Protein chains: 2
Amino acid sequence: MIRLSKLTDYAVVVMTAMIQGDGGPHTAISLAERTGLPAPTVSKILKLLARDGLMASHRGATGGYRLARAPEAINVAQIIAAIDGPIALTDCVEGAAGACGVESLCPRRGNWDRVNRAVRGALESVSLADMARPSFPDPVLPKAAPALSATADAI
Amino acid sequence: MIRLSKLTDYAVVVMTAMIQGDGGPHTAISLAERTGLPAPTVSKILKLLARDGLMASHRGATGGYRLARAPEAINVAQIIAAIDGPIALTDCVEGAAGACGVESLCPRRGNWDRVNRAVRGALESVSLADMARPSFPDPVLPKAAPALSATADAI
DNA sequence: TTAAAGGGTACTGATTTGGTCCGGATTGCC
DNA sequence: GGCAATCCGGACCAAATCAGTACCCTTTAA
């Protein structure tokens, strides 16, 4: 499976929890309590998100975090980039010559880039607001197959 | 970054090498020599691909592997599925209740599924033939500046 | 019958990741 | 204006996962 770091999953949980709260700043502790995640982990996630400008942090006694933008203006690709770094499927694009071994086959690098772009576009099309919206009854999903999500995941 | 296993990358290299050879069966050894990859690793990859029906294996003294289908009929999603298993970004869809912690936030699970479908569609749209085709207008930049590729990878 | 080649299993090492801790900075309160 | 409480920031450490390797068995053509 394509592994998306667990931290990224947690990040969506934390950000969703912030949307559901009031507009005031949220402390790492309060978010940890509400999500059930360990406090240091939440703190780490918030730090990464703030570094990439997705969060606005305020220090001091009455400090805390709050979303830098509206949930509709934040997409999944940005969250993944903040936690896991740039979205790329292979490290062949890193520029490391030794990793490839045979350069004659390396032109496929351009094709990997095309795949990366496609995946990135798919991730950018989903906003944080979409993730927060329950939408569980599947009213809008086109082909859905709701209860069979496990089956749907298999290729 | 979204980590795609290195084995999958190697699988594309090996399959590309098979296309470039003649129609006859390829042994794991010969493919290892041509790609520069370690022989046991190539053997492991070929075994996985054969198990999923992407390769046709022939045992015995003059045996070897050959593509089960035309390169146009094999897409990247199938290769990933053969090596890494089903394509899913999070293990929240696995059905493990303990992993989520708070069930009230779990409705986002349905949204992750939508993201998974989008990514899967992007991967299915690229065939092995596409990956083998150079399609590299700029053959110059074998190992160019790492800074360039890094910029291209950034969102 | 022999040799060559795929198929399977188990083990080891390394890389990545998740989790934890401590120091520095800021602000409200006395 | 000083103090103390609170919170952010970076660094460190342990565990899990994964890539890679090696060995042995089965199968099949020569």
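See the structure shown above.
In this report, we go over the structure that sits alongside the text. Computed from a predicted structure; not experimentally measured. (Residues numbered from 1 in each chain as written. Chains lettered and ligands numbered in written order. Predicted model: local features only at pLDDT ≥ 70, side-chain atom pairs only at ≥ 80, totals over all residues. Heavy atoms only, no water.)

1. A short note on the protein's contact with DNA strand D
Near DNA strand D there are 21 residues, and of these Lys 47 and Tyr 65 of chain A together with Ser 5, Pro 38 and Arg 59 of chain B occur at the shortest range. Those atoms of DNA strand D that come within 4 Å of the protein belong to sugar or phosphate at a rate of 80%. Interatomic distance of 3.2 Å between a side-chain N/O atom of Thr 41 of chain B and a phosphate oxygen of DNA strand D. With three residues, the single largest contributor to the surface near DNA strand D is helix H1 (residues 6-20) of chain B. Residues belonging to the surface near DNA strand D are distributed by class as follows: six nonpolar, nine polar and six charged. (Near = heavy atom within 4 Å. Polar contact = N/O pair within 3.5 Å; in protein donor to acceptor, adjacent residues only side chain to side chain. Helix = DSSP H or I, 4+ residues; strand = E, 2+ residues; numbered from the N terminus. Nonpolar A, V, L, I, M, F, W, Y, C, P; charged D, E, K, R; others polar.)

2. Examining the protein's contact with DNA strand C
With respect to spatial proximity, 22 residues lie near DNA strand C, and among them Lys 6, Leu 7 and Lys 44 of chain A together with Ser 57 and Tyr 65 of chain B are the closest. Within 4 Å of the protein, atoms of DNA strand C come from sugar and phosphate in 67% of cases. Here a base nitrogen of DNA strand C and a side-chain polar atom of Arg 59 of chain B are 3.4 Å apart. A distance of 3.0 Å separates a sugar or linking oxygen of DNA strand C from a polar atom in the backbone of Gly 60 of chain B. Contributions of two or more residues to the surface near DNA strand C are made by helix H1 (6-20) and helix H3 (39-51) of chain A together with strand E1 (55-58) and strand E2 (64-67) of chain B. Tallied by class, residues from the surface near DNA strand C come to eight nonpolar, nine polar and five charged.

3. Looking at helix H2 (residues 28-35) of chain A
Residues and elements named next belong to chain A. Every buried residue of H2 is listed here: Ala 28, Leu 31, Ala 32 and Thr 35. Down the axis of H2, the smallest arc covering the buried residues is 100 degrees, so these residues share one side. Buried residues along H2 sit in contact with H1 and H3. Positive backbone phi, approximately 80 degrees, marks Gly 36, located one or two places after H2. (Buried < 20%, exposed > 50% of the residue type's maximum accessible area, 1.4 Å probe, protein only. Arc of directions from axis to C-beta. Contact = heavy atoms within 4.5 Å.)

4. A few points about the environment of Leu 46 of chain A
All names here are of chain A. Structurally, the position occupied by Leu 46 is in helix H3. With relative accessibility at 0%, the residue Leu 46 sits in the buried group. Along the backbone, Leu 46 and Ile 83 are 37 residues apart, and their C-alpha atoms lie at a distance of 9.6 Å. Sequence-distant contacts of Leu 46, that is, excluding residues within four places in its chain, are made with Val 14, Met 18, Ala 28, Leu 31, Met 55 and Tyr 65.

5. Comments concerning the pattern of salt bridges
Opposite charge on two side chains permits pairing when their charged atoms draw close. Residue and element names in this part refer to chain A. With the rule as written, the count across this model stands at one salt bridge over all chains. Taking the shortest distance from any N to any O, the salt bridge between Asp 52 and Arg 51 comes out at 4.0 Å. When its relative accessible area of 39% is taken as the criterion, Asp 52 is described as partly exposed. By relative accessible area, Arg 51 is classed as exposed at 61%. (Salt bridge = Lys/Arg side-chain N within 4 Å of Asp/Glu carboxyl O.)

6. Quick notes on the nonpolar core
If you look at the biggest cluster of nonpolar residues, it comprises 78 residues, and the most contacted ones within it are Leu 49 and Leu 123 of chain A together with Leu 49 and Leu 123 of chain B. Residues in contact with Leu 123 of chain B, not counting those within four places in the same chain, are Ile 2, Leu 89, Val 115 and Val 119 of chain A together with Asn 75, Val 76, Ala 77, Ile 80 and Ile 87 of chain B. (Core = buried A, V, L, I, M, F, W, Y, C linked by side-chain atoms within 4.5 Å.)

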